[in-house]
Amino acid sequence: MPSRDSDIGQPPTNDHTRAATLTIPATEWYRSLAAAGLRNPQVHGPARYWLQVEGSFTRALQSQCSRSFHVEVQHEGFARPTREEARHLAIPARQVAWIREVRLCGDGQPWVLARTIIPLACLEGRGRRLRHLGNRPLGAYLFSNPDWLRGPLETGLCHRTQPGQPELARRSVFRFGPRALLVGEYLLPELYRQAPAL
Ligand SMILES: C=C(O[C@@H]1C=C(C(=O)O)C=C[C@H]1O)C(=O)O
């Protein structure tokens, strides 16, 4: 079912700066790349590798960098997920979650915008660390613990309101027993319009 992402804490979209284009637009999610491809064949272009890469996305981005990789936190804190996100995670619609929005930057440039919804149940015990990641990539936490398992990857088509905003996205739920968190990764054109990935 198509859904809308929230724009929690984002700068106004009529601000014609690069910062304003680095926001997450409303996105429709599809269960497969093929299903999204019927709507937008771009998913079969140079972005395809990034929409499907398995394992740590951070690792994949790091191997594409020639100089450096870093994470820039945009917003982090307790807030309400969108209704669709809450439904997807099977949490009560009004319950707050820890919401983390970051830019994943390669060679000094933003390549990916990421939005992660971390329900309260994930923040207990060792999960307390999830509130204190700062500029350390979430992937390092998730992939250092083999108990966290990723569910199927969905493909997202974004409704851009400005050039330079992400057009294509991917997301998946990570589960550890009864705990589940939702990671969305929105690809900026700078990532896949450069030299072809692997
Ligand atoms: C989930 C991963 O973590 C990456 C790091 C993120 C963060 O630090 O917030 C968010 C999305 C990811 O692409 C990964 O590396 O696969």
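Keep in mind it's a predicted model, so treat the numbers as computed, not measured.

A. Fine view of the overall build of the chain. Check the secondary structure of the chain and you find 7 helices and 8 strands. Burial analysis of the chain (198 residues in total) assigns 54% to the buried set. Across the chain, every contact between residues at least 6 apart in sequence was considered, and the portion connecting residues at least 24 apart equals 65%. With the model as given, the accessible surface of the chain reaches about 9,900 Å², and the carbon-plus-sulfur share is 53%.

B. Here's a closer look at a positive patch on the surface. Residues Arg80, Arg83, Arg87 and Arg94 make up a contiguous surface patch of positive charge. In this fold, arginine 80 is placed in the loop between β2 (69–79) and α5 (83–89).

C. Up close: the UniProt feature "binding site: substrate" (unreviewed entry) in the chain. The UniProt feature table records "binding site: substrate" (unreviewed entry) at Arg100, Leu138 and Glu185. Maximum C-alpha separation among the annotated residues is 12.0 Å over a sequence range of 86 residues, consistent with a single clustered spot. Within the annotated group, the residues that form the lining of the largest cavity are Arg100, Leu138 and Glu185. In this structure, arginine 100 sits in strand β3 (residues 97–106).

D. Representation of the site of the ligand within the structure. Lining the immediate surroundings of the ligand are 15 residues, of which Phe57, Thr58, Arg100, Leu138 and Glu185 lie closest. Within the side chain of serine 56, a nitrogen or oxygen atom sits 3.0 Å from an oxygen atom of the ligand. A distance of 2.6 Å separates an oxygen atom of the ligand from a polar side-chain atom of glutamate 185. Given that more than half its atoms are within 2 Å of the pocket grid, the ligand belongs to the largest cavity.

E. Inspection of the state of the cysteines at higher detail. One pass over the full model with this rule turns up 0 disulfides. Residue cysteine 105 stays outside any disulfide, its sulfur separated by 9.4 Å from that of cysteine 65, the closest cysteine. Overall, the relative accessible area of 1% leaves cysteine 105 in the buried class. Here cysteine 158 is not disulfide-linked; the sulfur of cysteine 105 is the nearest cysteine sulfur, at 17 Å. The class for cysteine 158 is buried, based on a relative accessible area of 10%.

F. Geometry of the packing of aromatic side chains. For the structure on display, the rule yields 6 aromatic pairs. Arranged with centres 5.9 Å apart and planes meeting at 70°, the rings of tryptophan 29 and tyrosine 186 form a pair that is edge-to-face. Here tryptophan 29, found in strand β1 (residues 27–30), pairs with tyrosine 186, found in strand β8 (residues 179–187); they are 157 residues apart in sequence, far enough to count as distant. Summarising the burial analysis for this pair, tryptophan 29 and tyrosine 186 share the class buried. With a centroid separation of 4.9 Å and an interplanar angle of 80°, the aromatic rings of tyrosine 49 and tryptophan 50 are classed as edge-to-face. Residue classification places tyrosine 49 among the partly exposed residues on the basis of a relative accessible area of 27%. Taking relative accessible area as the criterion, tryptophan 50 reaches 1% and is therefore assigned buried. Grouped by ring-pair contacts, the aromatic residues Tyr49, Trp50 and Phe57 constitute a single cluster.

G. Fine view of unusual backbone geometry. Here the phi dihedral of alanine 90 falls at roughly 55°; this positive angle occurs in a residue that is not glycine. With respect to the helices and strands, the residue alanine 90 is situated in the loop between α5 and β3. Residue classification places alanine 90 among the exposed positions, given a relative accessible area of 70%. Positive phi, normally seen in glycine, also occurs at aspartate 107, with a value near 50°. Mapped onto the elements of the fold, aspartate 107 is located in the loop between β3 and β4 (109–119).

Conventions and cut-offs
Residues numbered from 1 in each chain as written. Predicted model: local features only at pLDDT ≥ 70, side-chain atom pairs only at ≥ 80, totals over all residues. Heavy atoms only, no water. Helix = DSSP H or I, 4+ residues; strand = E, 2+ residues; numbered from the N terminus. Buried < 20%, exposed > 50% of the residue type's maximum accessible area, 1.4 Å probe, protein only. Contact = heavy atoms within 4.5 Å. Areas by Shrake-Rupley, 256 points an atom, 1.4 Å probe, with all protein chains shown as cover. Patch = residues over 30% accessible without salt bridge, like charges linked within 9 Å, V, L, I, M, F, W, Y side chains within 5 Å. Salt bridge = Lys/Arg side-chain N within 4 Å of Asp/Glu carboxyl O. Lys, Arg positive; Asp, Glu negative; His and termini not counted. Charge placed at Lys NZ, Arg CZ, Asp CG, Glu CD. UniProt positions renumbered as here; feature names shortened; annotations may be inferred. 1 Å grid on protein atoms, 1.4 Å probe; cavity = no way out; pocket = protein on both sides within 12 Å on 5 of 7 lines; lining within 4 Å. Near = heavy atom within 4 Å. Polar contact = N/O pair within 3.5 Å; in protein donor to acceptor, adjacent residues only side chain to side chain. Sits in = over half its atoms within 2 Å of the grid points. Disulfide = S-S within 2.5 Å. Phe/Tyr/Trp six-rings, centres within 6.5 Å; stacked < 30°, edge-to-face > 60°.

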